[in-house]
Amino acid sequence: MEKNLELSELNSCEKIPLEEFTKHKKSSFSENVLKTVKRRFYILNWLPEYDRTKAIGDFIAGVTIGLTMIPQSLAYANLANVPAVYGLYSAFAGSIIYMLLGTVREVSIGPTSLMSILTISYTYEKPIEYVFIMTFICGCVEMAMGIFRLGACMRRFFLNKFINISFKSQAF
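Residues numbered from 1 in each chain as written. Predicted model: local features only at pLDDT ≥ 70, side-chain atom pairs only at ≥ 80, totals over all residues. Heavy atoms only, no water.

### A short note on unusual backbone geometry
In step 1: A positive phi is found at Asn81, a non-glycine position, where the angle reads about 65°.
In step 2: Along the chain, Asn81 falls in the loop between helix 5 (52-79) and helix 6 (84-101).
In step 3: Despite not being glycine, Glu125 shows a phi value in the positive range, around 60°.
In step 4: With respect to the helices, strands and loops of the structure, Glu125 is situated in the loop between helix 7 (113-123) and helix 8 (128-147).
In step 5: The exposure class assigned to Glu125 is exposed, which follows from its relative accessible area of 69%. (Helix = DSSP H or I, 4+ residues; strand = E, 2+ residues; numbered from the N terminus. Buried < 20%, exposed > 50% of the residue type's maximum accessible area, 1.4 Å probe, protein only.)

Shown next as structure tokens:
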């Protein structure tokens, strides 16, 4: 049986105390710290769900990438006119750091020919310490951009719309 409601019953609102609207669950300091750490170290989000099948796939991918990256890193170190061991350091140190801090699975981390050419152009006939200083400063700038979330500013103000379109069209 349907109950016939009068218009006055439909328009009347139940009085709700103000405390119900102003109640917020206040999180403790430790909960806020944990949220911040999980947001900064993305590995803490996916590591609990990591299983054996994912590990096997990642192992195969890691061996494949490693076998490709070793000779490539050696060649880029030669191109940058630094000892070969620094090419290997640049290949694997960035990958390990990105494993802890990175959020995109499909990104490629490591030395490139452009970085090698820029390195040699700025540090030609200078001691190897100049390469270390330049690398450290570049890392600090990238870390600061990540901490202050300046990627959106870079995309908005410094990357031309036509550059974005050309990269996107070449991806297909």
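### Quick word on the confidence of the model for the protein chain
In step 1: Per-residue confidence for the protein chain gives a mean pLDDT of 80, with 78% of residues at or over 70.
In step 2: Overall, residues 7-13 carries pLDDT values under 50, and its contacts beyond four positions in sequence, including any with other chains, amount to 1 contact. (pLDDT = per-residue confidence, 0-100. Contact = heavy atoms within 4.5 Å.)

### Considering the packing of helix 5 against helix 6
In step 1: Their axes nearest at 7 Å, the elements helix 5 and helix 6 cross at an angle of 125°. Classified by the angle their axes make, helix 5 and helix 6 are oblique. Both helix 5 and helix 6 take part in a crossing whose hand is right-handed. For the pair formed by helix 5 and helix 6, the contact residues are Met69, Ile70, Ser73, Leu74 and Ala77 on the first element and Ala84, Gly87, Leu88, Ala91, Phe92 and Ser95 on the second.
In step 2: Looking at the contact of helix 5 with helix 6 residue by residue, the classes come out as 8 nonpolar, 3 polar and no charged. (Axes fitted to C-alpha atoms, helices over the stretch in contact; angles between N-to-C directions. Parallel < 35°, antiparallel > 145°, perpendicular 65-115°, else oblique. Left-handed = near helix turned anticlockwise from the far one by under 90°. Nonpolar A, V, L, I, M, F, W, Y, C, P; charged D, E, K, R; others polar.)

### Focus on the packing of helix 7 against helix 8
In a packed pair of helices, the relevant descriptors are the angle between the two axes and the axis-to-axis distance.
In step 1: As a packed pair, helix 7 and helix 8 sit with axes 10 Å apart at the nearest point and diverge in direction by 125°. Here helix 8 runs oblique to helix 7, going by the angle between their axes. In this structure, helix 7 crosses over helix 8, and the sense of that crossing is right-handed. On the side of helix 7, the interface is formed by Thr119, Tyr122 and Thr123, while helix 8 contributes Tyr130, Val131 and Met134.
In step 2: Classifying every residue of the contact of helix 7 with helix 8 by side-chain character gives 4 nonpolar, 2 polar and no charged.

### What about helix 7?
Three or four residues apart is the spacing at which side chains of an α-helix point the same way, because the helix has 3.6 residues per turn.
In step 1: What helix 7 keeps buried is the set Ser116, Thr119, Ile120 and Thr123. The buried residues of helix 7 occupy an angular sector of 95° when the element is viewed end-on, so they sit on one face. Exposed and oriented more than 90 degrees from the buried face of helix 7 are Leu114 and Tyr122.
In step 2: Residues of helix 7 that are buried make contact with helix 5 and helix 8.
In step 3: Of the residues one or two after helix 7, Glu125 is the one with positive phi, at around 60°. (Arc of directions from axis to C-beta.)

### Let's talk about the environment of Leu118
In step 1: With respect to the helices and strands, Leu118 occurs in helix 7.
In step 2: For Leu118, a relative accessible area of 40% gives the class partly exposed.
In step 3: Considered as a pair, Leu118 and Ala80 are 38 residues apart in the sequence and their alpha carbons are 8.0 Å apart.

### Observations concerning the side chain of Ser73
In step 1: As for its position among the elements, Ser73 is in helix 5.
In step 2: For Ser73, a relative accessible area of 1% corresponds to the buried category.
In step 3: Not counting residues within four places of it along the chain, the set of residues in contact with Ser73 comprises Gly87, Leu88, Ala91 and Pro111.

### Re the environment of Ser108
In step 1: Relative to the helices and strands, Ser108 resides in the loop between helix 6 and helix 7.
In step 2: Given a relative accessible area of 69%, Ser108 falls into the exposed group.
In step 3: Separated by 13 residues in sequence, Ser108 and Ser95 have C-alpha atoms that sit 8.5 Å apart.

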